[in-house]
Structures are given as structure tokens and as C-alpha cells.
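# Structural overview
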Number of protein chains: 2
Amino acid sequence: MENIGTMRKKGNICMKAWSDIGTLCPITRSQTLVGDRWSVVILRELLMGAHRFEEIQAQTGATPQMLTSRLKKLQTQGLVKRKAYSKRPLRYDYFLTNMGRDFLPVILALRAWGEAWCKSKREPLAMHLTHILCDGDPGFGTLCKSCGETLRYGDLKGKPSPAYAREREKRRSAFKASRL
Amino acid sequence: MENIGTMRKKGNICMKAWSDIGTLCPITRSQTLVGDRWSVVILRELLMGAHRFEEIQAQTGATPQMLTSRLKKLQTQGLVKRKAYSKRPLRYDYFLTNMGRDFLPVILALRAWGEAWCKSKREPLAMHLTHILCDGDPGFGTLCKSCGETLRYGDLKGKPSPAYAREREKRRSAFKASRL
């Protein structure tokens, strides 16, 4: 991220009445919006390109009620927007706003920490990322390891490792079977 | 962070039985350890250099019971260790392990996002950081904006902005007064 002067952006409730929270700490403020595991894994799915309620539900394991309430909260806070893809019945796709897309570095940092500290040596990486702009391995920081550019949403291409692809496909099938 | 080959490290329960969690996703795994706002703000305090239970309690606003249980969980998981500084009565200081210190990039990413999206233009930065190795402004990424080196725990010096320093001092005084 660049100059702090250009950094302050326009969220939703995020910009209103932040002083009520009683702290200038950006960590505490961020945690009032996304300080729970469900919000974080929902943002992961959206950053990975999921838009459908059912796909997010299948991959996060959230109940429909849980997912509805979190998506609503994320929408109210300005990280998520929805768009109707069907009018009868009324159905929505979910997308990240700029505020939600800017959460990417947090997810990348959690990915780096989780890969380093929450896996055994025998387990494969979940995702292999490619930095589209240089076609190189972006590594685990906020700048591309291969070309040095800041990693942004839309400039990363992810390929699940075979084991992680199987895991996701299994969850997808189990979810579909549970709805038959 | 560097080569993935050198990344996998030794946590506590973190290395045991991760397969039971049923996913290779490092985000989900990280969230089982630190997927709540209390753990994150406790890690923030420890990364800022707090060691005493009372100081962490004063600055996070956690109840003693809450703080005790989170510190115990973080300790069991391998992010925190404690060391007795008094034998009678038995009292402990709390420190980060390497696993806990490695959480720094997540906190820095949350800081960047929170400063960008959870503040009005009129509000000051909470902390001004200096990269000790180059004496420059490290910026908001995982590499120092001034010298390009990876930002590590111990290489950053933080100075609260006047408003944030006042806020912290006020909490410290209120906490002390509440215990008289």
C-alpha cells in the first residue's frame, strides 16, 4: 500500500462513528468487522472467486442461517455487495467491494503463517499462486517475490494442489448429495 | 517469508493431528487457533512489547478470566510462553514464541487495512513505525518500503501518535484506579 494520504477510503458504516469504538487502533477496529473465523473464511472464498451462496456454503461448512447473517453483516459494513442473478425466485450472487478486495494482504499473510506453522512437512501447499503480471511465483509476502510488484486482487491466479482440489470437490459433492 | 521448504516449522499442538481438521487450507487452520478478536488483540499487545498480565488486561479491556483462558490457549497452541518473575506470590510474564512472532505480518496487514478502511481522514495513524535496520518508514507491506528488507519482529520500533498515546495512558490510569 502506498502513501497514507491516499489510503483512507470510503467504506460503509466503517466511516461513520468510528470514534464511538473508543480506540484509534486499526487492529481493534478491523476486528470489530472481521474478528471471527466465519467472516474470514467467507472472505477467502470470495477472494478465490466464489460468488454463489451454495458454493460458499459448501466450502465453508457454514449453515445457511450463519452464512446469511455473515454475508449481511459484511454487506452492511461495506466489504461485500450482491447482485440478483434470478428474479423468480429472487437469488443473489455475492461480490467483493474494493474494501473487501483490499483484505487480500490479510488473507495472504494468514496463508503464509498457516502454511508455515499449521502444517506438517508432509502436507502439500493448499494453493499454488501465479502472479499474472509476470507469470512468476508471488511467494508469501505483499510484494511479488518474482517481480517486486504489489500483489493486488485480480493479479493472482490460484491452482489448488491435487489434494486440496480433491478435498474441495468432495465437499461440493457431499453438499449436492445432502440437498437431493 | 522465504522458500517454502524452509517454512514448515515446529509449533505445539499445531503440528499434531492437523489432518483431523479435514482441510489443507492454511486460512481455516490459522482461524482454529486465532479466529477470534481477543486472541488477535492480545497478540497485538505482545508484539508491541507488553509482557505483564495487567498491562495486557488494561489495554485490551479483557476480563481476567477471558485473558487467562486466551493466554492459556495461545500457550497450548505454541504462540505464547510464560516465565515466572515472582515466586511468592507466583506471577508470570508472557512472551511470544517464534510462532507468535511470525504472526507479525498478519498484524501488519490488519493494521494497513484498518488504517485504510476503518478511519476517517481526520483521524491520525495509531502508530508510527520505524524500521530499525535502515531507520526508515517501513510502510504498510511485509517488506520495508525504505530499504526493501523483510520486516521482522524486533526490527521495528513503534511510536504511538500523541492521540493514541493519550488513549493508552488513559486506559492504564483507569485500570489502576479500578484496582485501588
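Figured I'd write up the structure that's included with this text.

Conventions adopted
Residues numbered from 1 in each chain as written. Chains lettered and ligands numbered in written order. Predicted model: local features only at pLDDT ≥ 70, side-chain atom pairs only at ≥ 80, totals over all residues. Heavy atoms only, no water. Core = buried A, V, L, I, M, F, W, Y, C linked by side-chain atoms within 4.5 Å. Buried < 20%, exposed > 50% of the residue type's maximum accessible area, 1.4 Å probe, protein only. Contact = heavy atoms within 4.5 Å. Phe/Tyr/Trp six-rings, centres within 6.5 Å; stacked < 30°, edge-to-face > 60°. Helix = DSSP H or I, 4+ residues; strand = E, 2+ residues; numbered from the N terminus. Lys NZ or Arg CZ within 6 Å of the ring centre and 35° of its normal. Expected span 1.5 Å × (residues − 1). Arc of directions from axis to C-beta. Buried area = accessible area lost by both parts, 1.4 Å probe. Salt bridge = Lys/Arg side-chain N within 4 Å of Asp/Glu carboxyl O. Polar contact = N/O pair within 3.5 Å; in protein donor to acceptor, adjacent residues only side chain to side chain. Axes fitted to C-alpha atoms, helices over the stretch in contact; angles between N-to-C directions. Parallel < 35°, antiparallel > 145°, perpendicular 65-115°, else oblique. Nonpolar A, V, L, I, M, F, W, Y, C, P; charged D, E, K, R; others polar.

### A closer look at the nonpolar core
- The biggest cluster of nonpolar side chains holds 81 residues, and the ones touching the most others in it are Trp113 of chain A together with Leu79 and Trp113 of chain B.
- With sequence-adjacent residues up to four places away left out, Trp113 of chain A is seen in contact with Cys118 of chain A together with Ser30, Leu33, Val34, Leu79, Met99, Asp102, Phe103 and Val106 of chain B.

### Notes on the packing of aromatic side chains
- Taken as a whole and judged by the stated rule, the model has four aromatic pairs over all chains.
- With centroids separated by 6.5 Å and ring planes inclined at 50 degrees, the aromatic side chains of Phe53 of chain A and Tyr94 of chain A adopt a geometry described as tilted. A residue pair is termed long-range when its members are at least 10 positions apart, and Phe53 of chain A in helix H4 (residues 53-60) and Tyr94 of chain A in strand S2 (residues 91-96) qualify at 41 residues.
- Residue class for Phe53 of chain A comes out buried when judged on its relative accessible area of 16%.
- Plain terms: the ring middles of Phe103 of chain A and Trp113 of chain B are 5.1 Å apart, the flat faces sit at 80 degrees to each other, and that makes the pair edge-to-face. Of this pair, Phe103 of chain A sits in the loop between helix H6 (98-101) and helix H7 (104-117) while Trp113 of chain B sits in helix H7 (residues 104-117), placing the two residues on different chains.
- A relative accessible area of 0% places Trp113 of chain B in the buried class.
- When the ring centre of Tyr92 of chain A is taken as origin, the NZ or CZ atom of Arg82 of chain A, which lies over that ring, is 3.7 Å away.

### A few points about helix H5 (residues 64-77) of chain A
Residue and element names in this part refer to chain A.
- With 14 residues, H5 ought to run about 20 Å at 1.5 Å a step, and its terminal C-alpha atoms sit 20 Å apart, in line with that.
- Buried residues of H5: Leu67, Leu71, Leu74 and Gln77, and no others. Taken around the axis of H5, the buried residues stretch over an arc of 130 degrees, which confines them to a single face. More than 90 degrees from the buried face of H5, the exposed residues found are Gln65 and Lys72.
- Against helix H2 (26-34), helix H3 (37-47), H4, strand S1 (80-86), S2 and H6 lie the buried residues of H5.
- Gly78 sits one or two residues past H5 and shows a positive phi near 100 degrees.

### Regarding the interface of chain B and chain A
- Opposite the 64 residues of chain B that make contact, chain A presents 64 residues.
- For the pairing of chain B and chain A, the buried interface totals around 6000 Å² over both sides, and the portion due to carbon and sulfur atoms is 66%.
- When the buried surface of chain B facing chain A is broken down by residue, Arg8, Trp113 and Trp117 of chain B rank first, second and third, together holding 17% of it.
- Where chain B touches chain A, the interface holds two salt bridges.
- Of the charged contacts, one joins Glu123 of chain B and Arg29 of chain A as a salt bridge, the two residues approaching to 2.8 Å between their closest N and O atoms.
- Connecting chain B to chain A are 19 residue pairs in polar contact (both at pLDDT 80 or more).
- Elements that contribute at least two residues to the side of chain B that touches chain A include exactly helix H1 (4-7), helix H2 (26-34), helix H3 (37-47), helix H6 (98-101), H7 and helix H8 (162-178) of chain B.

### Some details on the packing of H3 of chain A against H2 of chain B
- For the pair H3 of chain A and H2 of chain B, the least separation of the axes is 10 Å and the interaxial angle reads 170 degrees. With respect to their mutual orientation, H3 of chain A and H2 of chain B come out roughly antiparallel. Residue-level inspection shows Arg37, Val40, Val41 and Arg44 of chain A of H3 of chain A in contact with H2 of chain B, the latter providing Ile27, Thr28, Gln31 and Thr32 of chain B.
- Looking at the contact of H3 of chain A with H2 of chain B residue by residue, the class counts come to three nonpolar, three polar and two charged.

### Quick look at unusual backbone geometry
- Along the chain, Arg88 of chain A connects to Pro89 of chain A via a cis peptide bond; the corresponding omega equals 0 degrees.
- If you trace the backbone, Pro89 of chain A turns up in the loop between S1 and S2.
- With a phi close to 60 degrees, Asp135 of chain B is a non-glycine residue in the positive phi region.
- Along the polypeptide, Asp135 of chain B turns up in the loop between strand S3 (127-131) and strand S4 (156-160).
- We classify Asp135 of chain B as exposed; its relative accessible area is 60%.

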